[in-house]
Amino acid sequence: MPPATPQPNVRVVTLRIDGRDVSAREDETILEVCRENRIEVPSLCQLDGLSVWGGCRLCMVELAGQGRLFAACATRVAEGMEVSTNTERLRHYRRLILELLFAERNHVCSVCVSNGHCELQALAQRCGVDHVRLPYRQARYPVDSSHEMFRLDHNRCVLCTRCVRVCDEIEGAHTWDVMGRGSDCLVITDMAQPWGASGTCTSCGKCVQVCPTGALVKQGTSVGEMVKDQHFLPILARRRHLA
Amino acid sequence: MNLDDLDDLASEFRNAERDVERELRVCMAASCQSSGARPVFDSLEAQLKTDPHPGCRLKGVGCMGLCSAGPLVAITPPEAGIEEGLLYREVKPEDAPELVASLDGPPVEHLRCPTDQPFFARQQRIVLEQCGRIDPDSFEDAVAHGGYAGLVRALSELTPAEVLRELTASGLRGRGGGGYPTGLKWSTIAKMPAGQKYVICNADEGDPGAFMDRAVLESDPHRVLEGMAIAAYAVGANKGYVYVRAEYPLAVERLTTAIRKARRAGFLGGRVADTQFAFDIEIRLGAGAFVCGEETALMASIQGLRGQPRPRPPYPAESGLWGCPTLINNVETFANVPAILRRGGDWFASIGTQGSKGTKVFALAGAIVNTGLIEVPMGTRLRDIIEVIGGGIPGGRAFKAVQTGGPSGGCIPAEHLDTPVDYDSLKSLGAIMGSGGMIVMDETSSMVDVARFFMEFCMTESCGKCVPCRAGTWQMHALLDKIAKAEACRADLELLETLCDLVSATSLCGLGQTAPNPVLSTLRYFRDEYEAKLQGDPTP
Amino acid sequence: MSLERAKPPLPDEDKRWKLVNATMRRNGYADHALIETLHSVQDAFGFLDETSLHFVAASLDLPLSKVYGVATFYHLFTLKPKGRHSCVVCTGTACYIKGANALVEGLRERYAINPGETTEDGHLSVLTARCVGACGLAPAVVIDGEVLGRLDTPDLIERLDTLPDPEPTPASHRPPTTSH
Ligand SMILES: Cc1cc2nc3c(=O)[nH]c(=O)nc-3n(C[C@H](O)[C@H](O)[C@H](O)COP(=O)(O)O)c2cc1C
Ligand code: SF4
Ligand code: SF4
Ligand code: FES
């Protein structure tokens, strides 16, 4: 979806979310309207100020009269829409998706510097994932500590591409991208060289701050110490919006 | 240019050939080439030099359909179909003297392939009308056989709105798998404000076991270009792309030639057929990614990006290539259009069933006597396709299932063989029409194994963007593997079904949404095979 | 598509870079020509090495990571040199039904390589393809571009074992260059 451009005459629509009547600008997404109204919808890949990705599928919601589900982060509101964000079916799917993520790589929270400040962990707690029924994929990935300030641990990456998008859309460096396909996808810097050798990285650290997990962290932090600071994002987003 | 001018041109091309009494046609499509058609052609050519037959023209043509009997050679009067001539099967270069000698005498009986058999007699050809009759590299041959008449009629006699009306009346539905009404799709794009618009032909044909689109591109490329140009006129586009998979070098080569010749003849470019209408076409190559058949991934690939789908809406009709309104149709969909414009939407709508009009091309493969390409009216029963046209199962084995729709489709068992083939009835059986691949399986195939095969396909083709498909196909494949090896317990089967539901409901694009279909359909009809595996039956 | 931007110099004297440049020029050095350009690099050199990816990225003014991401997304692109001979086993549905897996297994046993790999001496690459379009001849194998149908494992191995070797390094087998 192209980034929302401010329109001179955006209409206001009314819709129902979980039985509540709410109003919204018609260029807003369902997820944005939920946030404004303090209706909590789990999300992982979406981040205010970055383009829509639609990959994690945690924000799926039901729309009355529609057989299929919709990603709230990628769906615009419409007049008269009836949205359900928290049905038993959706909760079941969300738990399974989180289990799939845990089983795909290797997230050992007890030794992670992001322990306690990790969005994946928080989502698991909120959605009631207390154990993972699925077998682990057991693929081992390297840890890249070559950068003097930051560290990348592929084993904790959920491939949300927030780092790729912030680096391209906000910092303008496009150091990051994704290589490969399927579960073998890896985030890479430049030509998949060690991060420390990157000729394009400005060491701004934005990727580290937006990473939802302990995949991107500051060097020298110990277990549970890595707290992320994303305050630059909404400000930048607003500035971009007005420009 | 109007239809009379085109007619004059066509007669001129036919006149240039008026000394030809007979054509010696050699199939030069990919399948016959891989069984050795090129040396056959060369030795026929050499033989005609030593034993000249002035009234006979040697011609390389496209697919004649019966690929399993290739290399195929037909001797026919000009302008005639193979039913009116002689067809020879499994021809070898050393047969050339005998074949050439037979031009003045009786047919070569030991090579003959009867053309009154149901394989030929039961077909109805619209899309494949000229396949195997014309020389795909010859613009003149295409025009002499009615090529571009649909386009010229549209440009000289109809407004874009009238073309849309004709299309809507025809009831044509997309042949790429989804079956979306083509007239409706075109109208949506036509309604978008004037400006840059694109037309894309989806020739990615990624289903393993499907080769309909390739055959059309290799045998009659001008028909596809003509269909695209008509579409462009109707929706107001001036630029088109054909996205072809790079695994089809011959199709790419013939398409390139066709575009060049159509351009030179003024049927593509700044003033199409001497009118104000401008339209040109470029080829873009895929690079081995099944997901690039999905329309948003395909557009990303044309733009030089990783072929990853994006959420829809917005649909390509609204925001497609570089954000412009874009029409995407399948090769076969476009190939139907010239005939509709030539003969009218009502004529087309008189063929087929209530909800599915016209014909469908199928690629028959697997455990079946006649492997190859067929075109039948919608509504033909599966049994007729497999037992009558396809000639049944070889080796005296029993039929077990037919797989339609490739990795997004399902397996249909013997008890449903009397189902008429159309979009809706196949869907109700848990399979889909898909693009037209039909793989027949006999009693020796294990359905758990088939399900595992397709899941492996989806797993390696998953683009990796969304979690349910990326991680879910891996899990489902692992479970199927465990079941196939008879190492699974009942809880594994339940988990498999749970994941099927998750992946189809929450995946971002059609690949993930339909990846569970082969599992679901084999579970529906062949659950006993899964059960046997749970009981520890290790036979493959 | 800025006309001002200076184009990078060709990596070396090799004439094949001219072909690559021609593809980019034909597309006006637009960023969307990336896949077409990678095709032409692979056609010319047989595979995509670091030098060529750097060159393409600089010429089209694209980030390195993006070029690498695209090159690794598409299975037809290969970043490693191929063997002197190639054997592609079709694993499309029809070939699968008719026993393509046994062929792959047989090759694994005989040469100790998986699909996508090359023997250590650079003699043979084994690949798989999703449908080479010879479903009527299933199971089909393509050896050095020639399609062979209805082979069983012993036949196939015999054919591969009798492929000529050693032979002069073909044009598509450029030793990887490291200068950049
Ligand atoms: C994973 C996936 C693969 C697809 N592959 C093809 C393909 O190879 N050829 C094709 O024509 N359509 C393919 N489609 C369907 C296209 O997305 C699209 O619907 C179609 O090209 C529209 O054309 P039609 O309306 O003429 O059918 C695929 C869809 C999905 C989800
Ligand atoms: S490194 Fe972090 S931000 Fe980047 S894709 Fe992985 S989890 Fe997302
Ligand atoms: S469903 Fe699969 S192929 Fe489609 S976007 Fe998701 S991961 Fe990619
Ligand atoms: S937040 Fe909507 S798909 Fe990730």
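This one's a predicted model, so the numbers in the text were calculated from it and none came from an experiment.

Rules used in this analysis
- Residues numbered from 1 in each chain as written.
- Chains lettered and ligands numbered in written order.
- Predicted model: local features only at pLDDT ≥ 70, side-chain atom pairs only at ≥ 80, totals over all residues.
- Heavy atoms only, no water.
- Helix = DSSP H or I, 4+ residues; strand = E, 2+ residues; numbered from the N terminus.
- Rg over C-alpha atoms; globule rule 2.2 N^0.38 Å.
- Buried < 20%, exposed > 50% of the residue type's maximum accessible area, 1.4 Å probe, protein only.
- Lys, Arg positive; Asp, Glu negative; His and termini not counted.
- Charge placed at Lys NZ, Arg CZ, Asp CG, Glu CD.
- Contact = heavy atoms within 4.5 Å.
- Buried area = accessible area lost by both parts, 1.4 Å probe.
- Salt bridge = Lys/Arg side-chain N within 4 Å of Asp/Glu carboxyl O.
- Polar contact = N/O pair within 3.5 Å; in protein donor to acceptor, adjacent residues only side chain to side chain.
- Nonpolar A, V, L, I, M, F, W, Y, C, P; charged D, E, K, R; others polar.
- Phe/Tyr/Trp six-rings, centres within 6.5 Å; stacked < 30°, edge-to-face > 60°.
- Pairing = 2+ DSSP bridges.
- Axes fitted to C-alpha atoms, helices over the stretch in contact; angles between N-to-C directions.
- Near = heavy atom within 4 Å.
- Expected span 1.5 Å × (residues − 1).

Overview of the overall build of chain A
Part 1 of the argument: Within chain A, the secondary structure is distributed over six helices and ten strands.
Part 2 of the argument: Computed over its C-alpha atoms, the radius of gyration of chain A comes to 19 Å, within 12% of the 18 Å expected for a compact globule of 243 residues.
Part 3 of the argument: Within chain A, the fraction of its 243 residues that count as buried is 54%.
Part 4 of the argument: Of the side chains in chain A, 29 bear a positive and 28 a negative charge, and the two mean positions are spaced by 2 Å.

Observations regarding the interface of chain C and chain B
Part 1 of the argument: Each side of the interface is counted separately: chain C has 33 residues, and chain B has 46 residues.
Part 2 of the argument: Across the interface of chain C and chain B, roughly 3,100 Å² is buried in total on both sides, 60% from carbon and sulfur atoms.
Part 3 of the argument: Viewed at the interface, chain B and chain C are joined by zero salt bridges.
Part 4 of the argument: Applying the counting criterion to the chain C and chain B interface returns 14 residue pairs in polar contact (both at pLDDT 80 or more).
Part 5 of the argument: Listed by contribution, the elements that provide at least two residues to the side of chain C that touches chain B are helix H2 (34-45), helix H4 (64-73) and helix H5 (93-97) of chain C.
Part 6 of the argument: The dominant element in the side of chain C that touches chain B, judged by the number of residues it contributes, is H4(C), at five residues.
Part 7 of the argument: The class makeup of the residues in the side of chain C that touches chain B is 16 nonpolar, eleven polar and six charged.

Focus: the packing of aromatic side chains
Residue and element names in this part refer to chain B.
Part 1 of the argument: Within this structure, the stated rule accounts for 20 aromatic pairs over all chains.
Part 2 of the argument: Between the aromatic rings of Tyr233 and Phe277, the centroid separation amounts to 5.5 Å while the plane-to-plane angle is 75 degrees, which identifies the pairing as edge-to-face. With Tyr233 in helix H11 (residues 221-235) and Phe277 in the loop between helix H12 (249-264) and strand S7 (280-285), the pair connects residues that are 44 residues apart, well separated along the chain. Across the pair, Phe277 and Tyr233 agree in class, each one buried.
Part 3 of the argument: Taking 6.2 Å as the distance between ring centres and 15 degrees as the angle between the ring planes, the aromatic pair formed by Phe277 and Phe279 counts as stacked. Like Phe277, the residue Phe279 is buried in the burial classification.

A short note on the environment of Asp346(B)
Residues and elements named next belong to chain B.
Part 1 of the argument: Relative to the helices and strands, Asp346 is located in helix H15 (residues 345-349).
Part 2 of the argument: Residue classification places Asp346 among the exposed positions, given a relative accessible area of 60%.
Part 3 of the argument: Separated by 61 residues in sequence, Asp346 and Leu285 place their C-alpha atoms 36 Å apart.

Digging into the sheet that holds S7(B)
All names here are of chain B.
Part 1 of the argument: Spatial strand order, S7-S6-S5-S8: four strands in an open sheet with parallel pairing. Edge strands, defined here as strands with exactly one partner in the open sheet, are S7 and strand S8 (326-330). Within this sheet the neighbouring strands show an average axis-to-axis angle of 20 degrees, counted without direction.
Part 2 of the argument: Of the pairings in the sheet, the one linking strand S6 (residues 239-244) to S7 comprises six bridges and is parallel in character. Considered in S7, the bridge of Val244 is made with Leu285.
Part 3 of the argument: Along the sheet, H11 contacts strand S5 (198-203), S6, S7 and S8; its crossing angle with S5, the most-contacted strand, is approximately 150 degrees.

Topic: the sheet that holds strand S5 (residues 146-148) of chain C
Two orientations exist for strands paired in a sheet by backbone hydrogen bonds: parallel and antiparallel.
Residue and element names in this part refer to chain C.
Part 1 of the argument: Overall, mixed pairing links the five strands, which are arranged S2-S3-S1-S4-S5 in an open sheet. Each edge of the sheet is formed by a strand with only one pairing partner; in this case those strands are strand S2 (117-118) and S5.
Part 2 of the argument: Sheet topology note: the S2/strand S3 (residues 124-129) ladder contains two bridges and is antiparallel. Residue Thr118 lies in a different strand from S3, and its bridge partner there is Ser125.
Part 3 of the argument: On the sheet, helix H6 (residues 100-111) packs against strand S1 (85-90), S3 and strand S4 (141-143) and is oriented at approximately 150 degrees with respect to S1.
Part 4 of the argument: Contacts from helix H7 (residues 153-161) reach S1, S3, S4 and S5 within the one sheet, and its direction differs from that of S4 by about 10 degrees.

A short note on the environment of Ala365(B)
Part 1 of the argument: Mapping Ala365(B) onto the fold places it in strand S9 (residues 359-366).
Part 2 of the argument: Spatially, the C-alpha atoms of Ala365(B) and Gln308(B) are 30 Å apart, while their sequence positions differ by 57 residues.
Part 3 of the argument: Among all residues touching Ala365(B), those that are not within four sequence positions of it are Thr371(B), Met438(B), Ile439(B), Val440(B), Ala94(C) and Cys135(C).

Overview of the site of ligand 2
Part 1 of the argument: In the vicinity of ligand 2 lie 13 residues, with Cys157(A), Cys160(A), Thr161(A), Cys163(A) and Cys211(A) positioned nearest.
Part 2 of the argument: Among the residues forming the shell around ligand 2, the class breakdown is ten nonpolar, two polar and one charged.

So, helix H18 (residues 447-461) of chain B
Spacing of three or four residues puts side chains on the same side of an α-helix, whose turn is 3.6 residues.
Part 1 of the argument: In a regular helix each residue adds 1.5 Å, so 15 residues correspond to 21 Å; H18(B) covers 21 Å between its end C-alpha atoms and thus fits that length.
Part 2 of the argument: What H18(B) keeps buried is the set Met447(B), Val448(B), Val450(B), Ala451(B), Arg452(B), Phe453(B), Phe454(B), Met455(B), Phe457(B), Cys458(B), Met459(B) and Glu461(B).

Considerations on the pattern of salt bridges
Part 1 of the argument: Across all of its chains, the model carries 51 salt bridges over all chains by this definition.
Part 2 of the argument: In this structure, the salt-bridge partner of Arg156(A) is Asp153(A), at a minimum N-O distance of 3.3 Å. Per residue, the accessibility class of Arg156(A) equals that of Asp153(A), and both read buried.
Part 3 of the argument: A salt bridge links Arg57(B) to Glu17(B); its shortest N-O distance comes to 3.2 Å. Of this pair, Arg57(B) sits in strand S2 (residues 56-61) while Glu17(B) is found in the loop between helix H1 (3-15) and strand S1 (22-27), placing the two residues 40 residues apart along the sequence.
Part 4 of the argument: We classify Glu17(B) as partly exposed; its relative accessible area is 31%.
Part 5 of the argument: Counted as one network, the salt bridges with shared partners bring together Glu17(B), Glu23(B), Arg25(B), Arg57(B), Lys59(B) and Asp141(B).

Regarding unusual backbone geometry
Part 1 of the argument: The omega angle of the peptide bond from Gly70(B) to Pro71(B) is -5 degrees, so this bond is cis rather than trans.
Part 2 of the argument: Among the structural elements, Pro71(B) can be located in the loop between S2 and strand S3 (73-76).
Part 3 of the argument: Cis geometry is adopted by the peptide bond preceding Pro314(B), which originates at Pro313(B) and carries an omega value of 0 degrees.
Part 4 of the argument: Not every positive phi belongs to a glycine, and Tyr29(C) is a case in point at roughly 55 degrees.
Part 5 of the argument: In this structure, Tyr29(C) sits in the loop between helix H1 (16-26) and H2.

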